[in-house]
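Given next are the chains, with one letter for each unit.
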Amino acid sequence: MSIVNDILDISKIETGQMQINNETTNVNNILLELFSFYKPTAAKSNLNLFFKRELSDQDSTVSIDRLKLKQILSN
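For clarity, every value in this text was computed on a predicted model and none was experimentally measured. Residue indices follow the written sequence of each chain, beginning from 1 at its first position. For this predicted model, a pLDDT threshold of at least 70 governs which residues receive local features, and a threshold of 80 or more governs which side-chain atom pairs are given and counted, while totals over whole chains, interfaces and linings are taken from all residues. Only hydrogens and water are set aside; all other atoms, that is, all heavy atoms of the structure, feed into the side-chain values.

Before going further, it helps to examine the overall build of the protein. What counts as a helix is a DSSP run of H or I of at least four residues, what counts as a strand is a run of E of at least two, and both are numbered from the N terminus. A tally of helices and strands in the protein yields three helices and two strands. Listing the helices and strands of the protein from first to last along the sequence gives α-β-α-β-α. At 15 Å, the protein has a C-alpha radius of gyration far larger than the 11 Å of a compact globule built from 75 residues. Its C-alpha atoms give the protein principal-axis dimensions of roughly 40 × 35 × 15 Å. Long-range pairs, those at least 24 residues apart, make up 78% of the contacts in the protein with a sequence separation of at least 6. The Shrake-Rupley method, run with a 1.4 Å probe sphere, supplies the accessible areas, and residue values consider only the shown protein chains as cover. Split by element, the accessible area of the protein, about 6100 Å² in all, is 56% carbon and sulfur. We score Asp and Glu as negative and Lys and Arg as positive, and we do not count His or the chain ends. Note that the charge is assigned to NZ on lysines, CZ on arginines, CG on aspartates and CD on glutamates. Both charge centroids of the protein, one from 8 positive and one from 9 negative side chains, sit 9 Å from each other. Only the C-alpha atoms count toward the radius of gyration. The rule for a globule is 2.2 Å times the residue count to the power 0.38. Pairs of residues are marked as contacts when any of their non-hydrogen atoms sit within 4.5 Å.

Take a look at the structure:
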């Protein structure tokens, strides 16, 4: 069902039916949020999960739909 919803979202974006909310977003912060969210699950499964900042906060700032980026990275 998730795959079907993702395909529908892509189709809506391509046809201009879905609004994209561009905002200044720090990718480092999003990755840290996702890391913090998934780390306990990884630990329970006996997996090591690492997060390493390769870019400065200034270099990791982009204008993008924050929610959509989080959805993409989560999937």
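Excluding glycine, residues mostly carry a negative phi; peptide bonds, for their part, are mostly trans. Phi is positive for N46, close to 60°, though the residue is something other than glycine. Of note, N46 is situated in the loop between α2 (27-44) and β2 (61-65). Each residue is assigned to one of three classes by its accessible area relative to the maximum for its type, calculated with a 1.4 Å probe on protein chains only: buried under 20%, partly exposed between the two thresholds, exposed over 50%. Given the relative accessible area of 73%, N46 is considered exposed.

Function cannot be read off these values alone, since they describe shape.
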